[in-house]
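As a plain string of letters, each chain reads:
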Amino acid sequence: GYESKELVASVTIDGKERKAHKLNIIKKEAELIKTIYDKFIETNSLTKTDTYLLQNHIKTKTNKPFNRFSIRSILKNPVYAIADNYTWDYFETVGATVYSERSAFDGKHGVMAYNKTEQKPGRTTEYRDYSEWIVAVGKHQGMIPGAEWVKVQNLLRQNASKSYHKPKSNVALLSGLLFCGSCGDFMRPKLSQRLNANGEKIYSYLCETKEKSRLKNCNMKNPNGNILDKAI
């Protein structure tokens, strides 16, 4: 949604002169960001938002399909929020350290938040507790009205118990290894309640793109997992 532009001015930090930068809106990407927020508010579902983007062939800047995790990251990022009374009240309520006066939350500029994530090698980026966040008003233009951004944060928190986890299986031999021959996405095991002649639960492998797009982007048949695993 933004690109960083170097400014002519410079700032002095700890006795060192550094170039100043400003975030400028990329119009086309900003429209996509607003679409993602609108769709999530409409559906209250990361999965349905993911399905919408997939069905409409909307991809990331690196030309990859969105997933629940990248969508959630966009929805949780305060850089898109307009600094107004709603965002001021929200960050005050959750205990973040706010380094701008309420009057600076002018309904135009965006929010800058520091120390919000913890990044460890080999691990998924995790958000720190709000009490560790440092929040200020940025020089950039905000995109999402504070009321909408706060609403999204509340919905995400309510849905936290229903967060998506990559399916795991102690039965399916090819779980995490099998790819769809049609679209190249992962195929994950899907258990049924039926039993085969050996008394084992029958399961198949299901293409994730086929499932998420509701058959629109892929129609690969589901191979019988019991037979496939036995053959392997």
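Residues numbered from 1 in each chain as written. Predicted model: local features only at pLDDT ≥ 70, side-chain atom pairs only at ≥ 80, totals over all residues. Heavy atoms only, no water.

## Some details on the confidence of the model for the protein chain
Point 1. Here the protein chain averages 86 in pLDDT, and 91% of its residues register 70 or above.
Point 2. Ranking the elements of the protein chain by mean pLDDT puts strand β1 (residues 2-13) last, at 74, and helix α1 (residues 27-43) first, at 95. (pLDDT = per-residue confidence, 0-100. Helix = DSSP H or I, 4+ residues; strand = E, 2+ residues; numbered from the N terminus.)

## Some points on the pattern of salt bridges
Point 1. A complete count under the given rule lists six salt bridges for this structure.
Point 2. The partner of E29 in a salt bridge is K61, with the nearest N and O atoms 3.6 Å apart. Of this pair, E29 sits in helix α1 while K61 sits in the loop between α2 (46-55) and α3 (68-76), placing them 32 residues apart in sequence.
Point 3. The class of K61 is exposed, set by a relative accessible area of 67%. (Salt bridge = Lys/Arg side-chain N within 4 Å of Asp/Glu carboxyl O. Buried < 20%, exposed > 50% of the residue type's maximum accessible area, 1.4 Å probe, protein only.)

## A few points about the state of the cysteines
Point 1. According to the stated counting rule, one finds zero disulfides in the structure shown.
Point 2. There is no disulfide at C183, and the cysteine sulfur nearest it, in C207, is 3.5 Å away. (Disulfide = S-S within 2.5 Å.)

## Remarks on the nonpolar core
Point 1. Membership of the largest hydrophobic core comes to 34 residues, with the highest contact counts inside it found for I36, Y37, L75, Y80, F91, V135 and W149.
Point 2. Mapped onto this core, the elements with two or more residues apiece are α1, α3, α4 (85-94), β4 (109-114) and α5 (146-158).
Point 3. The dominant element in this core, judged by the number of residues it contributes, is α1, at six residues.
Point 4. Beyond its immediate stretch of four places on either side in the chain, Y37 contacts I74, L75, K76, N77, Y80, I144, W149 and V152. (Core = buried A, V, L, I, M, F, W, Y, C linked by side-chain atoms within 4.5 Å. Contact = heavy atoms within 4.5 Å.)

## Considering the sheet that holds strand β7 (residues 134-141)
Point 1. On the basis of which strands lie adjacent, the open sheet formed by three strands has the order β3-β7-β4 and mixed pairing. What marks the edges here is a single partner per strand, and that holds for β3 (97-98) and β4.
Point 2. Of the pairings in the sheet, the one linking β3 to β7 comprises two bridges and is parallel in character. Bridged to V98 within β7 is V135. (Pairing = 2+ DSSP bridges.)

## Some points on the packing of α1 against α3
Point 1. Where α1 meets α3, the closest approach of the two axes is 10 Å, and the angle between their N-to-C directions is 100°. Taken together, the axis directions place α1 and α3 in an arrangement best described as roughly perpendicular. Side by side, α1 and α3 meet where I33, I36, Y37 and F40 of the first sit next to I71, I74, L75 and K76 of the second.
Point 2. Of the residues in the contact of α1 with α3, the class split is seven nonpolar, no polar and one charged. (Axes fitted to C-alpha atoms, helices over the stretch in contact; angles between N-to-C directions. Parallel < 35°, antiparallel > 145°, perpendicular 65-115°, else oblique. Nonpolar A, V, L, I, M, F, W, Y, C, P; charged D, E, K, R; others polar.)

## Topic: the pairing of β7
Point 1. For β4 and β7, the ladder comprises five bridges, and the chain directions are antiparallel. Within the sheet, the bridge partner assigned to M112 lies in β7 and is A136.

## A look at α2
Point 1. Every buried residue belonging to α2 is among T49, D50, T51, L53 and L54, and all of these are buried.
Point 2. Looking at the buried residues of α2, the elements they touch are α1, α3 and α6 (208-212).
Point 3. For α2, the capping residue at the N-terminal end is S45, with a side-chain oxygen 3.2 Å from the backbone nitrogen of T47. (Polar contact = N/O pair within 3.5 Å; in protein donor to acceptor, adjacent residues only side chain to side chain.)

## Here we look at unusual backbone geometry
Point 1. Phi at N44 is positive, roughly 55°, even though this residue is not glycine.
Point 2. On the secondary structure map, N44 appears in the loop between α1 and α2.
Point 3. The phi dihedral of R214 falls on the positive side, at around 55°, and the residue is not glycine.
Point 4. Following the sequence through the fold, R214 ends up in the loop between α6 and α7 (225-231).

## Side note on the environment of S100
Point 1. Structurally, S100 is set in the loop between β3 and β4.
Point 2. Taking C-alpha positions, S100 is 22 Å from Y2, a pair spaced 98 residues apart along the chain.
Point 3. Beyond its immediate stretch of four places on either side in the chain, S100 contacts W88, F105, V135, A136 and V137.
Point 4. In this structure the side chain of S100 is engaged in a polar contact, spanning 3.1 Å, whose partner is the backbone nitrogen of V137.

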